[in-house]
Amino acid sequence: MTEVSDDLIDVGEQRRNRVAPWIAMAIAISMIGLFVVLIGAGSDGGQDAQSPLLGRPAPEATGTLIDGGNFDLSQRKGSWVLLNFFRADCVPCIQEHPALVDFNEQQAALGIDGAEFYSIVVDDSREDVEKFFADNGGDWPVVLDHHLIDVAFGVALVPETWFIDPSGIVQARIISRVSAERLNITLQQLREVGAR
């Protein structure tokens, strides 16, 4: 009886010895896949995101500009408009801000052919936002939102950037931080599609 149990133990060990390398390989492949995903998530390209608003008229969006004026998205028809939702203490927002400054300068250099760019403040104080722009630059209009615009657009996390065409139709949504290059490429592609 001892011989049989020793034989069974040997068979069990042999099976484990044959399976162990496969398990180790599967774990290694999973780890490499996770590493690749994490590296991609850290890029400045942002991710296109679906929304039921895509291809539809932009929702009503009104607010107060930080300089005291009024903002009404429906009055912006005739121009490409980009809305960037942010908070002054949001790390990805802080990281992407220099790219937004570059993008806005590039669009301003195009004159009337440049896109209009607006920051939509989500759940932040006027004082914090004013300090943020004083410290980091950026001279585009900033809209103080009271959870009306972000809710209308379905913004869950900041930053998010939305592209609205000259006829007021939502054309694209990018979640996470973006680069000036990504904004320019997306805008150019949307313009080309609209010109067809």
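Coordinates for the structure precede this section.
Here the structure is a predicted model, which is why all the values come from computation and not from measurement. (Residues numbered from 1 in each chain as written. Predicted model: local features only at pLDDT ≥ 70, side-chain atom pairs only at ≥ 80, totals over all residues. Heavy atoms only, no water.)

Visitor: It is not clear to me how the pairing of strand E8 (residues 170–175) should be interpreted in this structure. Could you clarify?
Guide: The side chains of a regular strand alternate, residue by residue, between the two faces of the sheet. Bridge analysis of strand E7 (residues 160–164) against E8 gives five bridges, and the strand direction is antiparallel. Residue pairing in the sheet places Ile164 in a bridge with Val170 of E8. Between the antiparallel neighbours E7 and E8 lie five residues, among them Gly168 with a positive phi of about 90°. (Pairing = 2+ DSSP bridges. Helix = DSSP H or I, 4+ residues; strand = E, 2+ residues; numbered from the N terminus.)

Visitor: Would you take a moment to explain the packing of aromatic side chains for this structure?
Guide: The geometry of two aromatic rings is summed up by the distance between their centres and the angle between their planes. With the rule as written, the count across this model stands at nine aromatic pairs. Between Phe85 and Phe153, the ring centres sit 5.8 Å apart and the planes meet at 55°, which makes this aromatic pair tilted. Pair noted here: Phe85 is in strand E4 (residues 81–86) and Phe153 is in helix H4 (residues 149–153), with a separation of 68 residues, a long-range link. When the centroid spacing of 5.5 Å and the interplanar angle of 75° are considered together, the rings of Phe132 and Phe133 count as edge-to-face. As far as burial versus exposure is concerned, Phe132 and Phe133 are alike and both buried. (Phe/Tyr/Trp six-rings, centres within 6.5 Å; stacked < 30°, edge-to-face > 60°. Buried < 20%, exposed > 50% of the residue type's maximum accessible area, 1.4 Å probe, protein only.)

Visitor: Help me out: how do you make sense of empty space enclosed by the protein in this one?
Guide: Any empty space left between the atoms is revealed when a probe the size of a water molecule rolls over them. In the structure shown here, the tally under the stated rule is one cavity of 30 Å³ or more. Considered as a void within the structure, the largest cavity measures approximately 40 Å³ in volume. Taken together, Asn84, Phe86, Cys93, Glu96, His97, Leu100, Ser119, Phe132 and Phe133 make up the lining of the largest cavity. Of all the secondary structure elements, the ones that give two or more residues to the lining of the largest cavity are E4, helix H2 (91–109) and helix H3 (126–136). With four residues, H2 is the largest single contributor of residues to the lining of the largest cavity. When its residues are assigned to classes, the lining of the largest cavity shows five nonpolar, three polar and one charged. (1 Å grid on protein atoms, 1.4 Å probe; cavity = no way out; pocket = protein on both sides within 12 Å on 5 of 7 lines; lining within 4 Å. Points joined across faces, edges and corners; volume = space filled by probe spheres on them. Nonpolar A, V, L, I, M, F, W, Y, C, P; charged D, E, K, R; others polar.)

Visitor: Help me understand unusual backbone geometry, please; the structure alone is not making it clear to me.
Guide: When glycine is set aside, most residues are seen to have a negative phi, and most peptide bonds are trans. In this structure, Pro159 follows Val158 across a cis peptide bond, with omega equal to 0°. Here Pro159 is to be found in the loop between H4 and E7. Positive phi, normally seen in glycine, also occurs at Asp123, with a value near 55°. If you trace the backbone, Asp123 turns up in the loop between strand E5 (116–121) and H3. Look at Asp123 and you get partly exposed, because its relative accessible area is 49%. Despite not being glycine, Ser176 shows a phi value in the positive range, around 80°. Here Ser176 shows up in the loop between E8 and helix H5 (180–195).

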